[in-house]
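Structural overview for review
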Amino acid sequence: AQSVTQLDSHVSVSEGTPVLLRCNYSSSYSPSLFWYVQHPNKGLQLLLKYTSAATLVKGINGFEAEFKKSETSFHLTKPSAHMSDAAEYFCVVSESYKLSFGAGTTVTVRA
Amino acid sequence: DAGITQSPRHKVTETGTPVTLRCHQTENHRYMYWYRQDPGHGLRLIHYSYGVKDTDKGEVSDGYSVSRSKTEDFLLTLESATSSQTSVYFCAISELGLVAGNEQFFGPGTRLTVL
């Protein structure tokens, strides 16, 4: 069975500083992994996905994530936070058609 | 943005009443999904469809039914709404479906309150 654990329910950063959102997964097979972002009162938007190609995945808006099989992790980073990055972020694992979502990490960006 | 609309966007209803939420897509994608979002739980799959009149249960299907009579429409029905079904409901679509790594595209959500 697949599952996802997002290690921080809330992250607060200052504008211009790096952002790190941590995600660990469990999967019986070689999973596909995604990060989605949800801005307040909006639907979910795909940031990036990993599907067994390059382990460092670049996404939209300057985000990237690194797949580490030995650590079963898929952490999301951005070198410099912007006010518009304030949102909720979901790490997601997929073994087939089904997506399993983490509980989410809320990011607050301080001016 | 993927062409997905949900209606209504907001609804308040009373316990015991039936409720139907509609998801409409213009992408002609084969697969459609209904999720609910609750604090601390992320999104959980209620039901999904892999074609017209082909549906199956997700992990939290009790109290919900679905129908898909056309490719573009996927309906979620709460036969007798309960307060525990107060949630935000998201529809999603995908093109390939039964393939790992196939991303899903999400609608804007419906906020349902059951009093």
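The structure contained in this document is the topic of the report that follows. This structure is a prediction, so every number in the text was calculated from the model and none was measured.

A word on the overall build of chain A
- Check the secondary structure of chain A and you find 0 helices and 12 strands.
- In terms of C-alpha radius of gyration, chain A reaches 13 Å, essentially the compact-globule figure of 13 Å for 111 residues.
- Across its three principal axes, chain A shows a C-alpha extent of roughly 40 × 25 × 20 Å.
- Within the span of chain A, comprising 111 residues, buried residues form 44% of the whole.
- Here the contacts in chain A between residues at least 6 apart in sequence split such that 56% fall between residues at least 24 apart.
- Summed over its atoms, the accessible surface of chain A is roughly 5,200 Å², and 51% of this surface lies on carbon and sulfur atoms.
- Treating the 9 positive side-chain charges of chain A as one cloud and the 8 negative ones as another, the clouds have centres 3 Å apart.

Considering the pairing of strand β1 (residues 4–7) of chain B
Residues and elements named next belong to chain B.
- Only one face of β1 is buried: it carries I4 and Q6, and the other face, with T5 and S7, is open.
- With 4 bridges connecting them, β1 and strand β3 (residues 19–25) associate as antiparallel partners. Bridge pairing in β3 links S7 to R22.

Remarks on the interface of chain A and chain B
- If you look at the interface, chain A gives 22 residues, while chain B gives 24 residues.
- Around 1,700 Å² of area is buried between chain A and chain B when both sides are counted, 56% of it from carbon and sulfur atoms.
- Between the two partners, chain A and chain B, sit 1 salt bridge.
- Between E103 of chain B and K49 of chain A there is a salt bridge; the shortest N-O distance is 3.3 Å.

Here we look at the state of the cysteines
- Enumeration according to the criterion identifies 2 disulfides over all chains in this entry.
- Note on cysteine connectivity: C23 of chain A is disulfide-linked to C91 of chain A, with sulfurs 2.0 Å apart. In this structure the cystine formed by C23 of chain A and C91 of chain A twists about its S-S bond by roughly -70 degrees; its chirality is therefore left-handed. With C23 of chain A in strand β4 (residues 23–26) and C91 of chain A in strand β10 (residues 87–94), this residue pair connects regions lying 68 residues apart in the sequence. Summarising the burial analysis for this pair, C23 of chain A and C91 of chain A share the class buried.
- With its sulfur 1.9 Å from that of its partner, C23 of chain B forms a disulfide with C91 of chain B.

A look at the packing of aromatic side chains
- Under the criterion given, the structure shown has 15 aromatic pairs over all chains.
- Judged by centre distance (6.3 Å) and plane angle (40 degrees), the rings of Y36 of chain A and F101 of chain A are tilted. With a gap of 65 residues between them, Y36 of chain A in strand β5 (residues 32–38) and F101 of chain A in strand β11 (residues 99–101) connect regions that are remote in the sequence. Pair check on accessibility: Y36 of chain A and F101 of chain A agree, each one buried.
- With centroids separated by 5.6 Å and ring planes inclined at 45 degrees, the aromatic side chains of F63 of chain A and Y89 of chain A adopt a geometry described as tilted. Note that F63 of chain A is positioned in the loop between β7 (56–58) and β8 (64–68) and Y89 of chain A in strand β10, a separation of 26 residues in sequence.
- For F63 of chain A, a relative accessible area of 4% gives the class buried.
- Ring-pair connections join several aromatic residues into one group, and the members of that group are F34, Y36, F90 and F101 of chain A together with Y33, Y35, Y48, Y50 and F106 of chain B.

Definitions and cut-offs
Residues numbered from 1 in each chain as written. Chains lettered and ligands numbered in written order. Predicted model: local features only at pLDDT ≥ 70, side-chain atom pairs only at ≥ 80, totals over all residues. Heavy atoms only, no water. Helix = DSSP H or I, 4+ residues; strand = E, 2+ residues; numbered from the N terminus. Rg over C-alpha atoms; globule rule 2.2 N^0.38 Å. Buried < 20%, exposed > 50% of the residue type's maximum accessible area, 1.4 Å probe, protein only. Contact = heavy atoms within 4.5 Å. Areas by Shrake-Rupley, 256 points an atom, 1.4 Å probe, with all protein chains shown as cover. Lys, Arg positive; Asp, Glu negative; His and termini not counted. Charge placed at Lys NZ, Arg CZ, Asp CG, Glu CD. Pairing = 2+ DSSP bridges. Buried area = accessible area lost by both parts, 1.4 Å probe. Salt bridge = Lys/Arg side-chain N within 4 Å of Asp/Glu carboxyl O. Disulfide = S-S within 2.5 Å. Phe/Tyr/Trp six-rings, centres within 6.5 Å; stacked < 30°, edge-to-face > 60°.

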